[in-house]
Amino acid sequence: MCAQLIKKVNIKTIKNLKNSGEKFSVLTAYDYSTAKYLDEAGIDVILIGDSLAMVALGYETTHAIGVEEMKIFTKAVAKGVKRALVVTDMPFLSYHTDIASAVKNCGEMIKLGANAVKIEGCSDYILEVIKRLVETGIPVMGHLGFTPQFLNTLGGYKIQGKTQEAAEEILNQAKQLESAGAFSLVLEMVPQESAKYITENISIPTISCGAGKYCDAQVLVSDDIFGKYSDFTPKFARKYGDMRTLILDCARKFDEDVKSGRFPSENEVF
Ligand code: KIV
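Values in this document were obtained by computation on a predicted structure and should not be read as measured data. (Residues numbered from 1 in each chain as written. Predicted model: local features only at pLDDT ≥ 70, side-chain atom pairs only at ≥ 80, totals over all residues. Heavy atoms only, no water.)

**Comments concerning the site of the ligand**
- Every residue near the ligand is listed here: Thr28, Leu47, Gly49, Asp50, Ser51, Asp89, Lys118, His143, Val186, Cys209, Val219 and Val221.
- Asp50 is positioned such that a nitrogen or oxygen atom in its side chain is 3.0 Å from an oxygen atom of the ligand.
- Between the ligand and the protein, one listed contact pairs an oxygen atom with a side-chain N or O atom of Ser51 at 2.6 Å.
- Protein contact buries 95% of the 260 Å² of open area that the ligand shows by itself.
- For the shell around the ligand, the per-class residue count stands at five nonpolar, four polar and three charged. (Near = heavy atom within 4 Å. Polar contact = N/O pair within 3.5 Å; in protein donor to acceptor, adjacent residues only side chain to side chain. Areas by Shrake-Rupley, 256 points an atom, 1.4 Å probe, with all protein chains shown as cover. Nonpolar A, V, L, I, M, F, W, Y, C, P; charged D, E, K, R; others polar.)

In structure tokens:
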């Protein structure tokens, strides 16, 4: 498609989709080529998730990644995207210490091509950070329910918002994020009925990450849907392909061809 004809997704587009009842899709990408293909496939929002710490860099949790690494991946993904909204997930400690450094770190991602940032949680401090980011011109996606950066305080990978009271608490936080200026909200590992209740009672779009079908959008880690990351696949991730087998197959064939002398052929040399 001609570059001028591509209508870039922005935060208004996303908000309007909720109003018109149309669902939208969100996938993670960490590199240029994947971002390019997801964009070509029509994915509406591409998230440089801090899940990349685990999926692409092999760490055990998301805590290990920092601002400098996120900048490299943000730059690569932004270069590959023409249409989708590009959102950088702000890593652990990049917005927690003080508002000035939060604005600076988030602003760096915008300078490198992100259109928005995602931050987790909802304390008084986080609400203040969101207000200041929005005042600076940086759109913010919130993240409630299971928030991986709080893994140690939550005591493991646990479903959040299971009781009516807990769902009310998440709804209350969601409303505060909305008032602070967040344009959308990821709900992770929240029971479907709780997520439905929250979605119906706020006006910004909710994005389900294992929170069921009633949210306004769905997000998954692309390496999970491709069948590429094999260490662990969450129950809610649907596998659409088997890239692990594909990669093994290609690598084994190459190995055999090199060792048997079938590669390179006459056509593959100068
Ligand atoms: O880090 C990530 O990839 C995420 C999404 C799965 C929501 O936060």
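That was the structure; now back to the text.
**Topic: the pairing of strand β6 (residues 184-188)**
- Burial runs high along β6: five of the five residues are buried.
- Alternating positions in β6 separate into two faces, Ser184, Val186 and Glu188 on one and Leu185 and Leu187 on the other, with burial throughout.
- One ladder, built from four bridges, connects β6 with strand β7 (residues 206-209); its direction is parallel. The residue bridging Leu185 from the neighbouring strand is Thr206, located in β7.
- Considered for its hand, the β-α-β crossover made up of β6, helix α9 (residues 192-200) and β7 is right-handed. (Buried < 20%, exposed > 50% of the residue type's maximum accessible area, 1.4 Å probe, protein only. Helix = DSSP H or I, 4+ residues; strand = E, 2+ residues; numbered from the N terminus. Pairing = 2+ DSSP bridges. Right-handed = clockwise from strand over helix to strand, strands pointing away.)

**Quick look at unusual backbone geometry**
- Between Phe263 and Pro264 the backbone carries a cis peptide bond, its omega angle lying at 0°.
- Checked against the element boundaries, Pro264 lands in the segment after α11 (243-260).
- You will see that Leu93, though not glycine, has its phi angle at about 75°, which is positive.
- Position of Leu93 among the secondary structure elements: in the loop between β3 (85-89) and α5 (99-111).
- For Leu93, a relative accessible area of 53% translates into the label exposed.

**Let's talk about the side chain of Lys118**
- By the secondary structure assignment, Lys118 is in strand β4 (residues 116-118).
- For Lys118, a relative accessible area of 2% translates into the label buried.
- Only 2.6 Å separates the side chain of Lys118 from the side chain of His143, close enough to count as a polar contact.
- Those residues within four positions of Lys118 in sequence are excluded, and the remaining contacts are Leu47, Val87, Thr88, Asp89, Met90, Met141, Gly142, His143 and Val186. (Contact = heavy atoms within 4.5 Å.)

**Let's talk about the domain arrangement of the protein**
- Looking at the assigned domains, one finds that the protein contains domain 1 (3-239) and domain 2 (242-270).
- Averaged C-alpha coordinates put domain 1 and domain 2 at centres separated by 38 Å.
- Contact residues are listed per partner, giving five residues for domain 1 and four residues for domain 2.
- Across the domain 1/domain 2 interface, buried area totals approximately 370 Å², and carbon plus sulfur atoms make up 64% of it.
- Contact with domain 2 buries area across many residues of domain 1, yet Phe226, Gly227 and Lys228 alone supply 73% of it, more than any other trio.
- Linking domain 1 with domain 2 are zero salt bridges. (Domains from an automatic or database assignment. Buried area = accessible area lost by both parts, 1.4 Å probe. Salt bridge = Lys/Arg side-chain N within 4 Å of Asp/Glu carboxyl O.)

**So, the packing of aromatic side chains**
- By the definition in use, this model includes two aromatic pairs.
- Where Phe146 meets Tyr157, the ring centres are 5.3 Å apart and the plane angle is 40°; that geometry is what we call tilted. Pair noted here: Phe146 is in the loop between β5 (140-145) and α7 (151-154) and Tyr157 is in the loop between α7 and α8 (164-180), with a separation of 11 residues, a long-range link.
- Owing to a relative accessible area of 0%, Phe146 belongs among the buried residues under this scheme.
- Taking the relative accessible area as the measure of exposure, Tyr157 reaches 48% and is therefore partly exposed.
- Between Lys196 and the ring centre of Tyr214, over which it is positioned, the NZ or CZ distance is 5.3 Å. (Phe/Tyr/Trp six-rings, centres within 6.5 Å; stacked < 30°, edge-to-face > 60°. Lys NZ or Arg CZ within 6 Å of the ring centre and 35° of its normal.)

**Considerations on α11**
- For α11, built from 18 residues, the straight-helix expectation of 26 Å at 1.5 Å per residue is met to within 8% by its first-to-last C-alpha distance of 25 Å.
- After α11 finishes, the residue Gly261 shows a positive phi value of roughly 85°. (Expected span 1.5 Å × (residues − 1).)

**Things to note about the sheet that holds β4**
- The strand order around the closed barrel built from eight strands is β1-β2-β3-β4-β5-β6-β7-β8, with neighbouring strands paired in parallel fashion. On average, adjacent strands in this sheet sit at an angle of 25° to one another, irrespective of strand direction.
- Of the pairings in the sheet, the one linking β5 to β6 comprises five bridges and is parallel in character. If you follow Gly142 over to β6, its bridge partner there is Leu185.
- With respect to the sheet, α8 is in contact with β5 and β6, its orientation differing from that of β5 by roughly 170°. (Axes fitted to C-alpha atoms, helices over the stretch in contact; angles between N-to-C directions.)

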